[in-house]
Amino acid sequence: EACHARGIRVINDMVMNHSSVAHPWFTEAAAYLRTLPAGEEPDAAVCPTVDWYRFSREPQKGYEPLPGTEWYYEARFWSGMPDFNLENPEVRQAFQEIAAFWLAHGCDGFRMDAVTSYETDDTEGSVAELARFAEDVHALSPEAYIVGEAWADVATYARFYDSGIDSLFDFDFAGSEGAIAKAVRGNLKADQFAQRIVDNEGLFAAHNPDYINAPFYTNHDMARSAGYYLKQGEACTKQAEGLNLLMGGNAFLYYGEELGMRGSGRDENKRAPMLWSNDPDAPGMCAGPPEMETIEHKCGSLAAQASDPESIYQYVKRAIRLRNTFPAIARGESRMVEALSDERVCVLERRVLQEDSAACGEAVILVINLDPEPRMLDLKADPSTAAAELAGMLTISPEESVVETPERMLQLPGRGIAILQAAAEEQ
């Protein structure tokens, strides 16, 4: 309720692939199997949850031995996380009830964990399981937002849009080897980066015309991004955050990325607590995971960065402000302006085409300089930019500026991004 009063929506993490071995559903099934006479088949009428997981008398790939029995259970991720048997309608009913509980308490939707694993090595089956859950949720709350985690290649996770969920995390752009990091490091040409955005939008729309992309840059399973650019410096860290926040759809930002927090290696390091202050006893601070190693956060805490206009934190705030100022950044469909795009600079027109949108016809043009050196562009080279006006900018330092000359030349500082307001199309 406090979040809703501030215009903030809350979505819950829904783990539908597995439970803990300590969950009552699993401990009940395990206890029943321990009392089952040798050679006797389990009876779901006696213990319903024995059919909620996948048990086998034979060892199989991805199965773990159940201590004290002759049985094995499926646990693809880890022995402490047994997989559900989602083909059992009782399991579906249980998750429908869980969703109903949270929706009744004001939850606005769900982040679906590990959707590619619902049916092992079976994308079509996993999509079907996700579709059933989405159907149940939208029957309860048509406006509920569902975003899926499908850690796979883009062709595979695009297929999960067939399920009818709203969004899927765009892994193609995430992590140290994703399109964002490669483009910032110079390992992916600027025009190729722009074309990948256009291609992915077309791929997703082919599976669900109403899709909402979910770009993200890092998450709790990935090394923190400030460690991706140890040789290139803080400017790369900043621009990468800007590229993520200027993508279409609903952009996700992992806490601490706006501070340039560090963390790699074991999972606990990637999940270090939010660095509100360098003082461990300051309000809001916590100790973090017990197995976390000592991490040196070189960019400083929020308390140190909040008043520094040159900080990563203030850069990210400027990026979010631009995103909120120009709705077409999030809602528009992308087209690369080829006449102005090359290996180090890309230009993307993003126009809102949906007829039922209040922003229909609105358009912006993103001019992105991936070169650490300044670049000059001739806006007269393409009709879309010739008629556009400079409306916003995102520069590494707030002291830098994007300059438009009377001759319609656009001067971009190193790693600078310009926002041009394009002429709206008449409907």
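Bear in mind the structure is a predicted one, so any value in this text is a computation, not a measurement. (Residues numbered from 1 in each chain as written. Predicted model: local features only at pLDDT ≥ 70, side-chain atom pairs only at ≥ 80, totals over all residues. Heavy atoms only, no water.)

## Notes on the packing of helix α3 (residues 89-104) against helix α4 (residues 123-140)
If you want to describe how two helices pack, look at the angle between their axes and the distance between the axes. Two elements in contact, α3 and α4, have axes whose closest approach is 10 Å; the angle formed by their N-to-C orientations is 35°. In this structure, the crossing between α3 and α4 has a hand that is right-handed. Across the interface between the two elements, R92, F95, Q96, A99, A100 and L103 from α3 touch R132, F133, E135, D136, V137 and L140 from α4. Among the residues making up the contact of α3 with α4, the classes are represented as 7 nonpolar, 1 polar and 4 charged. (Axes fitted to C-alpha atoms, helices over the stretch in contact; angles between N-to-C directions. Helix = DSSP H or I, 4+ residues; strand = E, 2+ residues; numbered from the N terminus. Left-handed = near helix turned anticlockwise from the far one by under 90°. Contact = heavy atoms within 4.5 Å. Nonpolar A, V, L, I, M, F, W, Y, C, P; charged D, E, K, R; others polar.)

## Quick look at the pairing of strand β8 (residues 333-336)
Alternating positions in β8 separate cleanly, S334 and M336 being buried on one face and E333 and R335 remaining unburied on the opposite face. Inspection of the sheet shows β8 paired to strand β9 (residues 345-351) by 4 bridges, in the antiparallel sense. Paired with E333 across the bridge in β9 is R351. (Buried < 20%, exposed > 50% of the residue type's maximum accessible area, 1.4 Å probe, protein only. Pairing = 2+ DSSP bridges.)

## A closer look at the sheet that holds strand β2 (residues 55-56)
What holds strands together in a sheet is hydrogen bonding between their backbones, with the strands either parallel or antiparallel. Read across the open sheet, the 3 strands follow the order β2-β4-β3; overall the sheet is antiparallel. Each of the sheet's edge strands pairs with one partner strand only, and the pair in question is β2 and β3 (63-65). In the sheet, β3 pairs with strand β4 (residues 72-74) via 3 bridges, with the strands oriented antiparallel. Each bridged residue has a counterpart across the sheet, and for E64 the counterpart in β4 is Y73.

## Digging into the sheet that holds strand β15 (residues 417-421)
Spatially, β8-β9-β10-β15-β12 is the arrangement adopted by the 5 strands of the open sheet, whose pairing is antiparallel. Each end of this open sheet is capped by a strand with a single partner; those strands are β8 and β12 (389-394). This sheet shows a mean twist of 25° between the axes of neighbouring strands, independent of strand direction. Here helix α8 (residues 234-245) sits on the sheet in contact with β10 (363-369), β12 and β15, set at roughly 160° to β10. Contacting β12 and β15, helix α11 (residues 312-325) crosses the sheet at an angle of about 150° to β12.

## Some thoughts on the packing of aromatic side chains
Inspection of the entire model under this criterion finds 22 aromatic pairs. When the centroid spacing of 5.1 Å and the interplanar angle of 85° are considered together, the rings of F26 and Y53 count as edge-to-face. Pair noted here: F26 is in helix α2 (residues 24-35) and Y53 is in the loop between α2 and β2, with a separation of 27 residues, a long-range link. Geometry around Y255 places R224 over its ring, the cationic atom sitting 4.9 Å from the centre. (Phe/Tyr/Trp six-rings, centres within 6.5 Å; stacked < 30°, edge-to-face > 60°. Lys NZ or Arg CZ within 6 Å of the ring centre and 35° of its normal.)

## Observations concerning the nonpolar core
F55, F110, M112, F133 and F193 are the most contacted members of the largest nonpolar core, which totals 94 residues. Those residues in contact with F110, other than ones at most four positions away along the chain, are I11, N12, M14, A99, W102, L103, F133, V137, Y145, I146 and V147. One finds L379, A388, L420 and A422 within the second-largest nonpolar core, a separate group that totals 16 residues. (Core = buried A, V, L, I, M, F, W, Y, C linked by side-chain atoms within 4.5 Å.)

Any functional reading would require information that these geometric values do not contain.
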